[in-house]
Amino acid sequence: MQKKNILKIDHLHACIDDIPIIKGLNLSINSGEIHAIMGKNGSGKSTLAKVIAGHPNYKITQGQIFLSGEDITTQEPEIRSHKGIFLAFQYPVEIPGVSNTDFLRLAYNSQRKANKQPELDPLSFFDLLNQKTKLIEMDPTFLTRNVNEGFSGGEKKKNEILQMALLNGKLSILDETDSGLDIDALKTISNNINSLKNDDNAIILITHYQRLLDYIKPDFIHIMKEGKITYTGNSELAQQLEKYGYDYVK
Ligand code: ADP
Ligand code: MG
């Protein structure tokens with residue numbers, strides 16, 4: 001199995017409201033890999049995730065981002081999404097008045113359209129959605145409810161995983177998908193994530209707890225500090241961090 005480069009970030013600097021947050025970050029991720037990004041609160045992890053996804057509030061002042069070799073630094077977020085970047089938010093938003101199924105069908109079909117594939121009619125889409133819901137062991141009643149409205153923290157996170165399963169991203173970025181989950185939910189979500197991993201995609205797991213990494217074994221763990229990756233290790237780094245804290249890497 002030949003690995004292909006999925007994401008390459010070169011000397012990235014990004015700011016919000018003229019405040020620099022990402023300060024010279026480099027990262028390279030190949031197909032079939034899971035990378036964990038850990039670091040203290042405020043180190044810039046969520047900012048990095050949003051900058052990769054193309055969030056309009058963040059301005060890239062230096063450096064470049066490549067997806068499968070293509071420079072996407074200045075591309076709009078929807079274009080990046082159509083090309084296979086998926087971001088599961090740390091704080092998923094509620095969308096009152098929009099049913100989960102309608103939302104998912106629109107997202108799915110707009111991706112198909114952008115990639116010049118035929119859109120799925122509501123019935124075929126419903127079949128596909130049912131398969132995905134089963135795959136991640138999600139209660140199908142969540143499909144008829146409004147997007148995340150009244151969902152518990154864990155249910156919102158599960159709903160993000162459903163989107164991930166459906167959109168079949170080339171690069172999925174999961175921002176603290178483990179936070180607020182009880183141990184059973186953590187295990188199920190970890191199983192779901194493991195089942196969505198394949199040789200052609202890549203996953204970034206942002207977390208500051210080691211416990212997620214008991215269930216999902218990353219190929220690399222990066223430590224972020226003050227907007228930069230200051231240390232990269234293998235999956236064993238997580239246990240050391242748990243024992244000794246982030247000062248371990250100093
Ligand atoms: P993490 O996800 O690692 O906890 P964040 O990326 O959320 O960190 O935040 C990194 C830094 O950027 C923090 O110091 C935070 O206060 C700052 N920051 C994030 N959003 C804004 C904003 N809208 N305005 C000013 N500062 C911000
Ligand atoms: Mg964060």
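Cut-offs applied
- Residues numbered from 1 in each chain as written.
- Chains lettered and ligands numbered in written order.
- Predicted model: local features only at pLDDT ≥ 70, side-chain atom pairs only at ≥ 80, totals over all residues.
- Heavy atoms only, no water.
- Donors = N, O, S within 2.8 Å, 3.2 Å for Na, K, Ca; no water.
- Helix = DSSP H or I, 4+ residues; strand = E, 2+ residues; numbered from the N terminus.
- Phe/Tyr/Trp six-rings, centres within 6.5 Å; stacked < 30°, edge-to-face > 60°.
- Buried < 20%, exposed > 50% of the residue type's maximum accessible area, 1.4 Å probe, protein only.
- Lys NZ or Arg CZ within 6 Å of the ring centre and 35° of its normal.
- Pairing = 2+ DSSP bridges.

The name recorded for the chain in an unreviewed UniProt entry is Probable ATP-dependent transporter ycf16, from Sebdenia flabellata.

Enquirer: Where do I start with the coordination of the magnesium ion (ligand 2) in this structure?
Expert: Ideal values differ by geometry: the angle at a metal is 109.5 degrees with four tetrahedral donors, but 90 or 180 degrees with six octahedral donors. Taken together, Ser-46 (OG) and Gln-90 (OE1) make up the full set of protein donors to the magnesium ion (ligand 2), lying 2.1 to 2.4 Å away. One end of the pair, Ser-46, is in helix 1 (residues 45-53); the other, Gln-90, is in the loop between strand 6 (85-88) and strand 7 (95-99), with 44 residues separating them in the sequence.

Enquirer: What exactly am I supposed to notice about the packing of aromatic side chains here?
Expert: Each pair of aromatic rings is reported with the distance of its centres and the angle of its planes. Taken as a whole and judged by the stated rule, the model has two aromatic pairs. A centroid spacing of 5.6 Å and a plane angle of 45 degrees characterise the contact between Tyr-108 and Phe-125, whose relative ring orientation is tilted. With a gap of 17 residues between them, Tyr-108 in helix 3 (residues 100-114) and Phe-125 in helix 4 (residues 122-135) connect regions that are remote in the sequence. For Tyr-108, a relative accessible area of 9% corresponds to the buried category. The side chain of Arg-211 reaches across the aromatic face of Tyr-209, ending 6.0 Å from its centre.

Enquirer: Would you explain the environment of Asn-198 in this entry?
Expert: Relative to the elements of secondary structure, Asn-198 occurs in the loop between helix 7 (183-196) and strand 10 (202-206). By relative accessible area, which is 32% here, Asn-198 ends up partly exposed. Considering only alpha carbons, one finds Asn-198 and Glu-33, 165 residues apart in sequence, at a separation of 8.5 Å.

Enquirer: Looking at this structure, I do not really get the sheet that holds strand 5 (residues 70-71). What am I missing?
Expert: Paired through backbone hydrogen bonds, the strands of a sheet run either parallel or antiparallel to each other. A sheet is described by the order of its strands in space; here four strands give the open sequence 2-1-4-5, paired in antiparallel fashion. Among the strands making up the open sheet, the edge pair consists of strand 2 (19-30) and strand 5. Bridging between strand 1 (residues 5-16) and strand 4 (residues 58-67) involves eight bridges; their strand directions are antiparallel. Opposite Leu-7, over in strand 4, you have Leu-67 as the bridge partner.

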